[in-house]
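Spelled out from the first residue to the last, the chains are:
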Amino acid sequence: LNCVAKVAREFVPKSHEKYKIFQALAFLHDTLEDTEIKEEDILKESSLEVLNLVKLLTDKPGKNRKERHLNTYFLIRDSEDAVMGKLFDRIANIRYSLSSKNEEKGSMYLKESHGFKLALYDGRHKKAQKVWKAYDKEVVKLLDFLK
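This text gives an overview of the structure that appears in the document. The structure presented is a predicted model; accordingly, all values stated were derived computationally and were not measured. (Residues numbered from 1 in each chain as written. Predicted model: local features only at pLDDT ≥ 70, side-chain atom pairs only at ≥ 80, totals over all residues. Heavy atoms only, no water.)

1. Some words on helix α7 (residues 80-99)
To keep it simple, the criterion reads: We count a stretch as a helix when DSSP gives it H or I for four or more residues in a row; a strand needs E for two or more, and each element gets its number in order from the N terminus. In this analysis, the expected span of each helix is defined as 1.5 Å times one less than the number of residues it contains. With a 1.4 Å probe rolled over the protein chains alone, any residue whose accessible area is under 20% of its type maximum counts as buried; one over 50% counts as exposed, and the rest are partly exposed.
Over its 20 residues, α7 extends 28 Å from the first C-alpha to the last, a length consistent with the 28 Å expected when each residue adds 1.5 Å. When you tally the buried positions in α7, you get 16 out of 20 residues, the bulk of the element.

2. Concerning the packing of helix α6 (residues 65-76) against helix α8 (residues 103-120)
Heads up, the condition is: Note on geometry: axes are lines fitted to C-alpha atoms, helical ones only across the stretch in contact, with angles between N-to-C directions running from 0 to 180 degrees. Geometric relationships in this document are graded by angle, where less than 35 degrees denotes roughly parallel, more than 145 denotes roughly antiparallel, 65 to 115 denotes roughly perpendicular, and other angles denote oblique. Handedness of a crossing follows from how the near helix is turned relative to the far one, being left-handed for an anticlockwise turn of less than a right angle and right-handed for a clockwise one. Contacts between residues were defined by any pair of non-hydrogen atoms, one from each residue, lying within 4.5 Å. Any residue outside Ala, Val, Leu, Ile, Met, Phe, Trp, Tyr, Cys, Pro, Asp, Glu, Lys and Arg is labelled polar, Gly included; the first ten of those are nonpolar and the last four are charged.
Contact geometry for α6 and α8: axes closest at 9 Å, N-to-C directions at 30 degrees. In terms of axis orientation, α6 runs roughly parallel to α8. By crossing handedness, the relation of α6 to α8 is classed as right-handed. Along the contact surface, α6 presents Arg 65, His 69, Tyr 73, Phe 74 and Ile 76, while α8 presents Met 108, Tyr 109, Glu 112, Phe 116, Ala 119 and Leu 120. The class makeup of the residues in the contact of α6 with α8 is eight nonpolar, one polar and two charged.

3. What to know about the layout of surface pockets
The criterion, for reference: Points on a 1 Å grid over protein atoms alone make up a cavity when a 1.4 Å probe fits among them but cannot get out, and a pocket when they form an open set with protein on both sides within 12 Å along at least five of seven lines; lining residues each have an atom within 4 Å of a point. Grid points are joined across faces, edges and corners, and a volume is the space filled by probe spheres set on the points.
What the largest pocket holds in volume is close to 490 Å³. As for the largest pocket, its lining consists of 22 residues, of which His 29, Asp 30, Asp 89, Asn 93 and Tyr 109 are closest to the centre. Of all elements in the fold, only α1 (2-11), α3 (31-34), α6, α7 and α8 reach the threshold of two or more residues within the lining of the largest pocket. Of all the elements, α7 adds the most residues to the lining of the largest pocket, at seven residues. Its residues assigned to classes, the lining of the largest pocket comprises seven nonpolar, five polar and 10 charged.

Quick look at the structure:
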């Protein structure tokens, strides 16, 4: 979670109006699917905007990882902030796979990379363009690592 927050800070500086939103999202994005914390708990400690973004990033039901992502990504795509939050998470995950030399996780992220971008990329999302470029660079590093 600290790594996700660090990636968010690369693209959303402290002076940015949404800095606190993205920092909260970095720490809370997996809360609903991975913990017993409820929506009302997030709302008490944060804001409706953060809660709505966390809900968007929470995997929808599916029989496997691929189906859960398919059921989730096209909902995320409608919100540029949610896309950016998902990108921060994925960039952090790829970087961790590289730094820990985790070929299994790295292979999974590389295998998913085309579908991930196809599902989430929207050229109208101007703020996200810089983050997509960083994501693409991380995917290239992953490709080089797995050769």
